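What the coordinates show
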Amino acid sequence: MKTKLLIIIAAAIFILGIGGSLLVLLLPKKQAVQIKHGAEVLYTFDLTQEPDRTFEIKTDDGTNIIEIKDGKIRVSEADCPDKTCVRMGWLNSAAMPVVCLPHHLVIEFADGGEDGVDAVAE
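A quick note: this is a predicted structure, and the numbers were derived from the prediction, not measured.

1. Some thoughts on the overall build of the protein
The secondary structure content of the protein amounts to two helices and seven strands. Each helix and strand of the protein, ordered N terminal to C terminal, gives the series α-β-β-β-β-β-α-β-β. Here the contacts in the protein between residues at least 6 apart in sequence split such that 39% fall between residues at least 24 apart. Accessible surface computed for the protein: about 8,200 Å², of which carbon and sulfur atoms make up 61%.

2. A short note on the packing of aromatic side chains
If you walk through the whole model with that rule in mind, you get one aromatic pair. Relative to F55, the ring of Y43 lies with its centre 5.6 Å away and its plane at 75°, an arrangement referred to as edge-to-face. Placement of Y43 in strand β2 (residues 40-46) and of F55 in strand β3 (residues 53-59) is noted, with a sequence separation of 12 residues between them. Since its relative accessible area comes to 7%, F55 is described here as buried.

3. Quick notes on the pattern of salt bridges
Where charged atoms from two side chains of opposite charge approach closely, those side chains can pair. Taken as a whole and assessed by the stated rule, the structure comprises four salt bridges. Taking the shortest distance from any N to any O, the salt bridge between E108 and K36 comes out at 2.8 Å. A residue pair is termed long-range when its members are at least 10 positions apart, and E108 in strand β7 (residues 105-109) and K36 in strand β1 (residues 32-37) qualify at 72 residues. A relative accessible area of 22% means that K36 is categorised as partly exposed. A salt bridge links E56 to K58, with the nearest nitrogen and oxygen atoms 4.0 Å apart.

So, how was this worked out
- Residues numbered from 1 in each chain as written.
- Predicted model: local features only at pLDDT ≥ 70, side-chain atom pairs only at ≥ 80, totals over all residues.
- Heavy atoms only, no water.
- Helix = DSSP H or I, 4+ residues; strand = E, 2+ residues; numbered from the N terminus.
- Contact = heavy atoms within 4.5 Å.
- Areas by Shrake-Rupley, 256 points an atom, 1.4 Å probe, with all protein chains shown as cover.
- Phe/Tyr/Trp six-rings, centres within 6.5 Å; stacked < 30°, edge-to-face > 60°.
- Buried < 20%, exposed > 50% of the residue type's maximum accessible area, 1.4 Å probe, protein only.
- Salt bridge = Lys/Arg side-chain N within 4 Å of Asp/Glu carboxyl O.

Structure representation (structure tokens):
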């Protein structure tokens, strides 16, 4: 009888542990992203909370059109000569930052993780 009870308790603990692990893995994680012009951080926001939209960043160096869609971000248009930033596509966790060298613009995941979000692009 005691052995049966111990097996049931062990199985319940195991199932709860697996369930908790799956819950942590499946919950959406915040993705803090920064857009910088040179050393200046222009925007920092959480891609998991941002609506799909497009906005313009105009600096003395040039203009970039930024697109946020389905929790991803990219430079969709730029008036730089080579358009490398546009061809880089969507920022993802396995890739390098999206960089527009002529405009000194960088889009990258922010250091500081979940607590790094401190502003929203307008």
